[in-house]
Amino acid sequence: MNVNQVAENLALSHQEELVDLPKNYPLSENEDEGDSDGERKHQKLLEAISSLDGKNRRKLAERSEASLKVSEFNVSSEGSGEKLVLADLLEPVKTSSSLATVKKQLSRVKSKKTVELPLNKEEIERIHREVAFNKTAQVLSKWDPVVLKNRQAEQLVFPLEKEEPAIAPIEHVLSGWKARTPLEQEIFNLLHKNKQPVTDPLLTPVEKASLRAMSLEEAKMRRAELQRARALQSYYEAKARREKKIKSKKYHKVVKKGKAKKALKEFEQLRKVNPAAALEELEKIEKARMMERMSLKHQNSGKWAKSKAIMAKYDLEARQAMQEQLSKNKELTQKLQVASESEEEEGGTEDVEELLVPDVVNEVQMNADGPNPWMLRSCTSDTKEAATQEDPEQLPELEAHGVSESEGEERPMAEEEILLREFEERRSLRKRSELSQDAEPAGSQETIDSGSQEVLSELRVLSQKLKENHQSRKQKASSEGTIPQVQREEPAPEEEEPLLLQRPERVQTLEELEELGKEECFQNKELPRPVLEEQQSERTPNNRPDAPKEKKKKEQMIDLQNLLTTQSPSVKSLAVPTIEELEDEEERNHRQMIKEAFAGDDVIRDFLKEKREAVEASKPKDVDLTLPGWGEWGGVGLKPSAKKRRRFLIKAPEGPPRKDKNLPNVIISEKRNIHAAAHQVQVLPYPFTHHRQFERTIQTPIGSTWNTQRAFQKLTTPKVVTKPGHIIKPIKAEDVGYQSSSRSDLPVIQRNPKRITTRHNKEEKL
Amino acid sequence: MKVKMLSRNPDNYVRETKLDLQRVPRNYDPALHPFEVPREYVRALNATKLERVFAKPFLASLDGHRDGVNCLAKHPENLATVLSGACDGEVRIWNLTQRNCIRTIQAHEGFVRGICTRFCGTSFFTVGDDKTVKQWKMDGPGYGDEEEPLHTILGKTVYTGIDHHWKEAVFATCGQQVDIWDEQRTNPICSMTWGFDSISSVKFNPIETFLLGSCASDRNIVLYDMRQATPLKKVILDMRTNTICWNPMEAFIFTAANEDYNLYTFDMRALDTPVMVHMDHVSAVLDVDYSPTGKEFVSASFDKSIRIFPVDKSRSREVYHTKRMQHVICVKWTSDSKYIMCGSDEMNIRLWKANASEKLGVLTSREKAAKDYNQKLKEKFQHYPHIKRIARHRHLPKSIYSQIQEQRIMKEARRRKEVNRIKHSKPGSVPIVSEKKKHVVAVVK
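Residues numbered from 1 in each chain as written. Chains lettered and ligands numbered in written order. Predicted model: local features only at pLDDT ≥ 70, side-chain atom pairs only at ≥ 80, totals over all residues. Heavy atoms only, no water.

In the nomenclature of an unreviewed UniProt entry, chain B corresponds to DDB1- and CUL4-associated factor 13 from the organism Pan troglodytes. As its UniProt record puts it under Pathway (unreviewed entry), chain B is described as follows: "Protein modification; protein ubiquitination." What the UniProt record of chain B gives under Subcellular location (unreviewed entry) is the line "Nucleus, Nucleolus". (UniProt positions renumbered as here; feature names shortened; annotations may be inferred.)

By the naming in an unreviewed UniProt entry, chain A goes by UTP14, U3 small nucleolar ribonucleoprotein, homolog C and is assigned to Pan troglodytes. A UniProt comment under Sequence similarities (unreviewed entry) is attached to chain A, and it reads "Belongs to the UTP14 family." Turning to chain A, the UniProt annotation filed under Subcellular location (unreviewed entry) states: "Nucleus, Nucleolus".

Have a look at this one:
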């Protein structure tokens, strides 16, 4: 305000007054005290009053009325309408050229805009800081996703940077490596001398050269050849595999035979052409046999043999297989010389034949040789099982042999007996399926005579007793061919028993043990047979109640099967009711036993009682507030009146229904267990929003008792894994895939001092 | 006919060597393994108890200094080497595996105020009360040679702290102002000031390496940008901050150890509210150092104890103390995150396990599996009252214990007063300030 007034005054005042201006500067004060004319004061008052209405307040501010009169103490703009121009001030009384320069300067100054005041230093710094901070914040915000990811990660493995296993190519390793020790140097020298490939070990230079030397056609041919060879090989392999898979024994036998024949033929050829080589071959074959003999492969000590021995008790096939094996063992452990002695004249060829085809040839020989019950048994079983047309000569031979034993009385008695018994027994077993077998003995008998002649000639020992026995039996067999086998065997055990007792060491195999048991069975069997004959089954000994327990056990397997198969026909038979009765009785016994055992306690009733009590106990009780004798007579024997009792009885409210109301077998206690409460969580822990969430985390077990190993490992992975002894460096931009700033962190001033000044200027202009 | 048989493959039940465990076929039918929750609860309880039984964190005490240990530094390349500076100007280099001192240097006259290693581990820097910055070789001098620094810079004022850049040959000192030095020059390349108080510590950000943080005695924490040679922002707290430490895994997070017994974790982009206030100490917190995993930090306090805090928890998970340990001045977490070292007034450096009950040495796979399982069980059942009680239980020296009680009462009284004030005044007239905001006085741009 003051300044404005001064300017106005200045414009209006005269030149000489301008000189005094500094003196008159505090104008308002001058006005107040300088002029003492009351007229002006009066005027002022009037104006003040008039301006009270608020219209003309601004006029008051001008205060120009005082200068109507020009005074030497005062400057006033009132009166003259014109404004003072700067040029007027400079105008001298008379124009002079010396002032032209000043004028010019003035005009130049006038044309220029005024410069704003520069911001103070603090302000500038503040702006710098803000800009820098924003920039830095921006740089840092690129870490946000990384940090978030790491915070939420299931597992963090430190150190973060993975040490890659350094797999350098071998060339690099070798180039960096030098042979130091004398041994290494020697080896290197050798390698270099031979131009062995050090780096690329596939081909030597020589090989490379040869490769280069080969022409294209040659290479093609060679390749084709190789291909063919490979194809052939694969065909052959496939064929071998196929053949190996064939299970038929017959097939293999044929193949083996064929091979043997072929070998024999070749051998013959060889003998003719080159006797020395043939001899060598012979030796080789002999050696193979010896090896086999030594190896004890067919002893019954192997795993397979043991398992079979266990099975043999129940399984016919297993038994047979074992027999076979035993026979093989015998055959192999037999000294060959014995066999060859009889045929020494025939020469080496025969020997070879025997060795190559032992199954067929040796058997006969050994049969002829001496008493070998194992062998024989296996032979018979073999032939019977096979029963084929392919080796027809074998069967009659063996049959003949068997009969020859019985006919010829040269054998030791006991052995013969046993053999025969076994033979017959096997036949009896077979009989069930093969009814047509009956004809066999008759047929075979004829062949016996022809075959046995040769055998007879060789065997020279006789026993009178045995002969008689056999003759009698044979007659029976021939006459009663159709009679069931069991019957046929009847006389045998009676005779055999003493003999068996004489040779206890014989009872080695399971077969024989079985045999012994069976003999007893057969003895016992005689009694009930008439009853069971109608059923045409041979299971009677099993179901008989009075049979000894041991026997029952022995035949248990068969027993079960029989029961299953023959249940329907047995209903009619006389034996059945007894069995059923027996079962009933057993059941009753069982029940009785249980009853006796739990005679004392009635569990169900006890439980019901208990539950009733629990329900009663949990019910809210009525409160009886009657006071006897209050308001009426009291004393012994006097009861408060019913009305009073009714009045003061507070009935307990019916509680909520019990949870086990509809569960008859359960008592649910709804009492809170304070002992358990001490172990329970009272408030929902922080990160969970619902109690069910929390319960679910608790209810899923994480232990290996309830989880598989893999799941267990997954559930128990630790959050942070550190390697002991490894330095964990701070996270780097490269670790998380960011480009690290390539710029140096050195201050900008040092690197580029100019830049900072220019930026300063820019910001100042802002 | 093909006969189907029971087949037993020995691979399924025969072990390869006799050292292997017998393979036990398992049936995971839940009906066969009832009561899973109670059984696991018992296991968790046992695991928690065993953890307390085996909690023996103290490993070794390195003695040899003839005055209080004032500063510690880790070797960046070697886990076994530790450097320490004492109040009598002595610097010692220790071997942790042998637990002995391998080198002693009389570095300064007066305190060794700060010590830091070069990022490559070939040399280290010390500052002392004698207004000098000295650079030393990590390897000792040859036999008969004098212990002499590589370089010595004589400054005008006392330097109170030093830190080395993580990648370049640059270090920063603090005192009257924050100076940034090139290793090759005797003058700072730039000096940054904001206010006129003495700065007690300066720390480089390990991730964004151009950032610096410092704390001054006028209660503020100042952040600097080295590239633009300018301070960035300043936050003023209730009381003085003694030192700060940057999180090595999170570029913008740092923690300040304050005189008001608390530690404050800040996001440097939002300084007006700390991310977390860590309370448990009962006296001024003098030093703080982050675990290299960035998940936890350790703080040393004037109350003669050190505490380990998870970054995201306001209460400590562990407190270490011994009868003989006095005011702990400096603390460091080793670079393999397994151990903690602290230097204290009574001239000893102590070595602690970071995880009190952890078994040291190589673990077999079974041990490892059991450890992991127990850890998970403890986590799973941590909210159960009995387990929580056992896991939280720590023995404290009587002084600390009574201090805690006292401060609890004080805090409760303050809280009650505030509640009463709010209750008895016009609604809205007394603002409710959260605990986090309470301690921040101002943020200066």
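**What to know about the interface of chain A and chain B**
Contacts between chain A and chain B engage 65 residues on the former and 64 residues on the latter. Across the chain A to chain B interface the summed buried area is about 5,900 Å²; carbon plus sulfur atoms make up 63%. Ranking the residues of chain A by area buried against chain B places Phe133, Trp706 and Asp745 of chain A at the top, with a combined share of 13%. Scanning the region where chain A abuts chain B turns up five salt bridges. When the shortest N-O distance is used, the salt bridge between arginine 269 of chain B and aspartate 144 of chain A registers 2.9 Å. (Contact = heavy atoms within 4.5 Å. Buried area = accessible area lost by both parts, 1.4 Å probe. Salt bridge = Lys/Arg side-chain N within 4 Å of Asp/Glu carboxyl O.)

**Comments concerning the side chain of serine 344 of chain B**
Position of serine 344 of chain B relative to the elements: it lies in strand β27 (residues 339–344). Excluding residues that lie within four positions of it along the chain, serine 344 of chain B makes contacts with Gly68, Val69, Met325, Gln326, His327, Val328, Ile329 and Arg350 of chain B. (Helix = DSSP H or I, 4+ residues; strand = E, 2+ residues; numbered from the N terminus.)

**Concerning a positive patch on the surface**
There is a patch of like positive charges on the surface, built from Lys249, Lys253, Lys256, Lys257, Lys261 and Lys265 of chain A. With respect to the element layout, lysine 253 of chain A can be found in helix α14 (residues 249–273). (Patch = residues over 30% accessible without salt bridge, like charges linked within 9 Å, V, L, I, M, F, W, Y side chains within 5 Å. Areas by Shrake-Rupley, 256 points an atom, 1.4 Å probe, with all protein chains shown as cover. Lys, Arg positive; Asp, Glu negative; His and termini not counted. Charge placed at Lys NZ, Arg CZ, Asp CG, Glu CD.)

**Remarks on the packing of helix α1 (residues 36–53) of chain B against helix α2 (residues 365–380) of chain B**
Residues and elements named next belong to chain B. Axis separation between α1 and α2 bottoms out at 9 Å; the angle between their running directions is 105°. As far as their axial angle goes, α2 and α1 are roughly perpendicular. Contact residues: Glu40, Arg43, Ala44, Ala47, Thr48 and Glu51 in α1; Tyr373, Asn374, Leu377, Lys378 and Lys380 in α2. Looking at side-chain class alone, the contact of α1 with α2 contains four nonpolar, two polar and five charged residues. (Axes fitted to C-alpha atoms, helices over the stretch in contact; angles between N-to-C directions. Parallel < 35°, antiparallel > 145°, perpendicular 65-115°, else oblique. Nonpolar A, V, L, I, M, F, W, Y, C, P; charged D, E, K, R; others polar.)

**Focus: the packing of α1 of chain B against helix α3 (residues 385–392) of chain B**
Residue and element names in this part refer to chain B. Packing of α1 against α3 leaves a shortest axis separation of 9 Å and a crossing angle of 10°. What the angle tells us is that α1 and α3 run roughly parallel. Between α1 and α3, the contacting residues are Tyr41, Ala44, Leu45, Thr48, Lys49 and Arg52 on the first element and His386, Ile387, Ile390 and Ala391 on the second. Residues that form the contact of α1 with α3 fall into these classes: six nonpolar, two polar and two charged.

**Brief notes about the sheet that holds strand β14 (residues 199–204) of chain B**
Within a sheet, each strand pairs with its neighbour through backbone hydrogen bonds, oriented either parallel or antiparallel. Residue and element names in this part refer to chain B. The strand order across the open sheet built from five strands is β14-β15-β16-β17-β29, with neighbouring strands paired in antiparallel fashion. Single-partner strands in this sheet number two, and they are β14 and β29 (440–444). When strand polarity is set aside, the average angle formed by the axes of neighbouring strands in this sheet is 20°. With four bridges connecting them, strand β17 (residues 230–237) and β29 associate as antiparallel partners. Bridge pairing links isoleucine 236 to alanine 442 in β29. (Pairing = 2+ DSSP bridges.)

**Side note on the environment of isoleucine 698 of chain A**
Mapped onto the fold, isoleucine 698 of chain A is located in helix α38 (residues 691–699). Aside from chain neighbours lying at most four places away, what touches isoleucine 698 of chain A is Val37, Lys380, Phe381 and Tyr384 of chain B.

**Some words on the pattern of salt bridges**
For the structure on display, the rule yields 33 salt bridges over all chains. The salt bridge involving glutamate 130 of chain A is made with arginine 126 of chain A; its shortest N-O contact spans 3.6 Å. In this pair, glutamate 130 of chain A and arginine 126 of chain A are both assigned in helix α8 (residues 121–141), four residues apart and thus about one turn of the helix distant. Glutamate 130 of chain A gets classed as partly exposed once you look at its relative accessible area, which sits at 28%. One salt bridge connects glutamate 296 of chain B with arginine 317 of chain B, and the closest N-O pair in it is separated by 2.5 Å. Here arginine 317 of chain B lies in the loop between β24 (306–310) and β25 (318–320) and glutamate 296 of chain B lies in strand β23 (residues 296–301), a separation of 21 residues in the sequence. Each of Glu296, Arg317, Glu318 and Arg394 of chain B takes part in one network of salt bridges that share partners. (Buried < 20%, exposed > 50% of the residue type's maximum accessible area, 1.4 Å probe, protein only.)

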